[in-house]
Amino acid sequence: ICPKGNNGTIADQPDFDAGSDAEALYNAMKGFGSDKEAILELITSRSNAQRQEIRAAYKSQYGKDLIDDLKYELTGKFERLIVGLMRPPAYHDAKEIKDAIKGAGTDEKCLIEILTSRTNEQIHNLVAAYKDAYGRDLEEDVIGDTSGHFKKMLIVLLQGTREEDDVVSEDLVEQDAQDLYDAGEAQWGTDEAKFIMLLGNRSVTHLQLVFDEYQKIAENSIEDSIKSELSGDFERLMLAVVQCIRSKPMYFAKRLYKSMKGLGTADNTLIRIMVSRSEIDMLDIRECFRLRYEKSLYNMIQDDTSGEYKRTLLNLCGGDDDIAGEFFPEAAQIAYKMWEISAMTKVQLRGTVRPYQNFDPASDAQALRKAMKGFGTDEDTIIDIVTHRSNAQRQEIRQTFKSLLGRELMADLKSELSKNLERLILGLMMTPAEFDAKMMKKAMEGAGTDEHSLIEILVTRSNQEIQEMCSAYQNAYKKSLEDAIVSDTSGQFKRILISLAQGAREEGPVDMARALEDAQVSVLADACNADSGDMEDKFMSILCTRSFPHLRRVFQEFVRCSNKDFEQIIKKEMSGDFKNAMFAIVRSVKNQPSYFADRLYKAMKGLGTDDRALIRIMVSRSEIDLFNIRKEFKETHDATLHEFIQGDTSGDYRKTLLIICGGED
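Rules behind the numbers
Residues numbered from 1 in each chain as written. Predicted model: local features only at pLDDT ≥ 70, side-chain atom pairs only at ≥ 80, totals over all residues. Heavy atoms only, no water. UniProt positions renumbered as here; feature names shortened; annotations may be inferred. Helix = DSSP H or I, 4+ residues; strand = E, 2+ residues; numbered from the N terminus. Rg over C-alpha atoms; globule rule 2.2 N^0.38 Å. Buried < 20%, exposed > 50% of the residue type's maximum accessible area, 1.4 Å probe, protein only. Contact = heavy atoms within 4.5 Å. Areas by Shrake-Rupley, 256 points an atom, 1.4 Å probe, with all protein chains shown as cover. pLDDT = per-residue confidence, 0-100. Domains from an automatic or database assignment. Buried area = accessible area lost by both parts, 1.4 Å probe. Salt bridge = Lys/Arg side-chain N within 4 Å of Asp/Glu carboxyl O. Nonpolar A, V, L, I, M, F, W, Y, C, P; charged D, E, K, R; others polar. Core = buried A, V, L, I, M, F, W, Y, C linked by side-chain atoms within 4.5 Å. Axes fitted to C-alpha atoms, helices over the stretch in contact; angles between N-to-C directions. Parallel < 35°, antiparallel > 145°, perpendicular 65-115°, else oblique.

An unreviewed UniProt entry annotates the chain as Annexin originating from Sinocyclocheilus anshuiensis. Quoted verbatim from the Function (unreviewed entry) heading of the UniProt record, the comment on the chain is "May associate with CD21. May regulate the release of Ca(2+) from intracellular stores." Check the Sequence similarities (unreviewed entry) section of the UniProt entry for the chain; it says "Belongs to the annexin family."

Structure below.
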């Protein structure tokens, strides 16, 4: 999908003279202190081939190695970046791999990134450079440092024998897609060897067609199948292979984003990618970066780094992309394709909490009573029972508790537990409708309104869930949910919430003609921006009433008609809670588990934890799609949901959340 050819930001300097460049560098390092500005300007405005000539000239003029001198004069990240630029690409890759496997732990992500993204020729050069620089065999070192299927796939990639791009075996496309399906989705357990053979050897063009065919057979993207079939480093590796086959620039854009977002910067990753892609496809990476993150790579580097290090990176980046919401032609194609994939995907939603096999409500009720009787409470027993039963089973326990013991289980739990653990356990014991009603009530009571919570619940629930929540609200609080929303919100935001609270979103298959019409209405509404009230009404009626599959097609056609992205329009043209609600609908339509993963991340990152949001999502999604949310969390944040909960909570509360989370990925 992404353009081919040389789209680097660094090219040969036209009036190049290696001797005078060598002299300029020598002078910049002579005497007391060095002229870092001169060094970085010179090195970032020459191609790698020219830098090698400068190195040779430096040695013959001064009898010294230029890299040694640079290392002596410079320090820290700036030194690492400049020295990286001075090495030939194959030797730079070799050094990165050597660093990734030496010492105690292995940097698997570095191995994955280099070996999945290099061409056959680059792999062969890397193997030779490794041998030359370290006198060792790269394959032997990788074998000694990795294991299992992860090791096997790395060895396949190290052979550098992938078929060349123009090799497409038409007759094999369907067969390969079927083989992949049979090796994974279609059977218990996964035939990893088949995945390794096909993904490690077929050409990029061929595999792109195989992935499209796979989507038709499995009604699922190959990425989703890999996430549900594989795990650990092997899963990460295979996802990286697929992402590089779909679009290397997009793969690198994601890696760059992850290296800079959140606390601290993964400078080694940032340096490695900026150095290795600067003469190949940095322009495409910038494009994909802006498409995916609505922010230019230039801006992100600017916000995240400092000093000469920052200036060097910005030179390699080569320019700031205007954030107009307009796509370049290639990015529009990628966006269109992304919608195409999401429109065809039938995601297998999986929860993490399942019904308990040998379920006996009477003995559960007795055990819970015993855990709460007398002095002190046996929290472990309570946690164990509540987290290992489905919600339907918990409702049976509630009834049995009352009929056997004549007591209200909820009241007993409330008096025995406290704080977040109490909120979490009680949330699990309510019916989903009661829990949602309670969460809506909490979001609106007191001084401020928690708008994010209102949006999240109303946007992501099905019609039936919304209707059940409305009657639970009426029962519990003797007031209709709609009246509560009316008295607590105002303006366009109020109208959106009321529209969503009807639980009357259309259902059923996509009507393509109507989707086209809706897309054109949206394009017109965006174009005649004069009366923004009218535009908001049009957007609102489409976003709040059409089915999700229908909206997917609308957003896709919108890209085609306007060369713009729907999310961008919302970010640019709307504001406040109205914007947040619209944005949540688009994100949910695109990928609901990813929307929840993002909400969980925000609940835990930074100072303090938003426990209410954390509890609300963990409880409400535990039997629906928490497994999928976990996978999206890891994909986007390069850390597992389990790790985040572990680092951000404590005690029995943490223990309960981790059981619901259901695994470490």
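Resuming the write-up.
With that settled, consider the overall build of the chain. A count of helical and extended segments in the chain gives 40 helices and zero strands. Taking 26 Å as the expected radius of gyration for a compact globule of 665 residues, we find that the chain reaches 28 Å, a close match to that expectation. Along the first, second and third principal axes, the C-alpha atoms of the chain reach 95 × 65 × 60 Å. Buried positions account for 52% of the 665 residues belonging to the chain. A sequence separation of at least 24 residues applies to 74% of the contacts in the chain between residues at least 6 apart. Counting only carbon and sulfur atoms, one obtains 48% of the accessible surface of the chain, whose full area is about 28400 Å².

For the chain, per-residue confidence averages 89 on the pLDDT scale, and 94% of positions sit at 70 or higher. Here residues 1-5 is a poorly scored stretch, pLDDT under 50, and it has 13 contacts once near neighbours within four places are set aside; other chains count.

For the rest of this paragraph, the subject is the domain arrangement of the chain. When the domains of the chain are assigned, the result is domain 1 (18-89), domain 2 (90-161), domain 3 (165-229 + 238-246), domain 4 (249-344), domain 5 (433-590) and domain 6 (592-661). Averaged C-alpha coordinates put domain 1 and domain 2 at centres separated by 27 Å. Of the residues lining the interface, five residues belong to domain 1; the matching set on domain 2 comes to seven residues. Looking at the side of domain 1 facing domain 2, the largest losses of area belong to Arg-80, Arg-87 and Pro-89, adding up to 74% of the total buried there. On the surface where domain 1 and domain 2 come into contact, there are two salt bridges. Close ionic contact of Asp-99 with Arg-80 constitutes a salt bridge, the shortest N to O distance being 3.8 Å. In terms of residue class, the side of domain 1 that touches domain 2 is made up of two nonpolar, one polar and two charged.

Before going further, it helps to examine the nonpolar core. The tendency in soluble globular proteins is for nonpolar side chains to be buried as a group. Judged by nonpolar contacts, the single largest core of 196 residues is most densely connected at Leu-70, Leu-199, Met-274, Met-440 and Met-618. Here this core gets 13 residues from one element, more than from any other, and that element is helix H36 (residues 576-604). In this structure, Leu-70 is in contact with Met-29, Ile-39, Ile-43, Ile-82, Val-83 and Met-86, ignoring residues within four places of it in sequence.

Let's shift gears to the environment of Tyr-91. Considering the arrangement of structural elements, one finds Tyr-91 in helix H6 (residues 89-101). Overall, Tyr-91 belongs to the partly exposed group, its relative accessible area being 30%. Separated by 37 residues in the primary sequence, Tyr-91 and Ala-128 have C-alpha atoms spaced 9.0 Å apart.

Once that is clear, we can look at the packing of helix H19 (residues 297-304) against helix H20 (residues 307-317). Closest axis-to-axis distance for the H19/H20 pair is 10 Å, and the angle between their directions is 175°. Classified by the interaxial angle, the pair formed by H19 and H20 is roughly antiparallel. The segment H19 lies against H20, with Leu-297, Tyr-298, Ile-301 and Gln-302 engaging Lys-310, Leu-313, Leu-314 and Cys-317. Among the residues forming the contact of H19 with H20, the class breakdown is six nonpolar, one polar and one charged.

Note on helix geometry: an α-helix contains 3.6 residues per turn, so any two residues three or four positions apart are oriented the same way. Buried within helix H10 (residues 148-158) we find Phe-150, Met-153, Leu-154, Ile-155, Leu-157 and Leu-158. Lining the buried residues of H10 we find helix H7 (108-117), helix H8 (120-134), helix H9 (138-145), helix H12 (192-201) and helix H15 (232-246). The positive-phi residue at the C-terminal boundary of H10 is Gly-160, with phi of around 60°.

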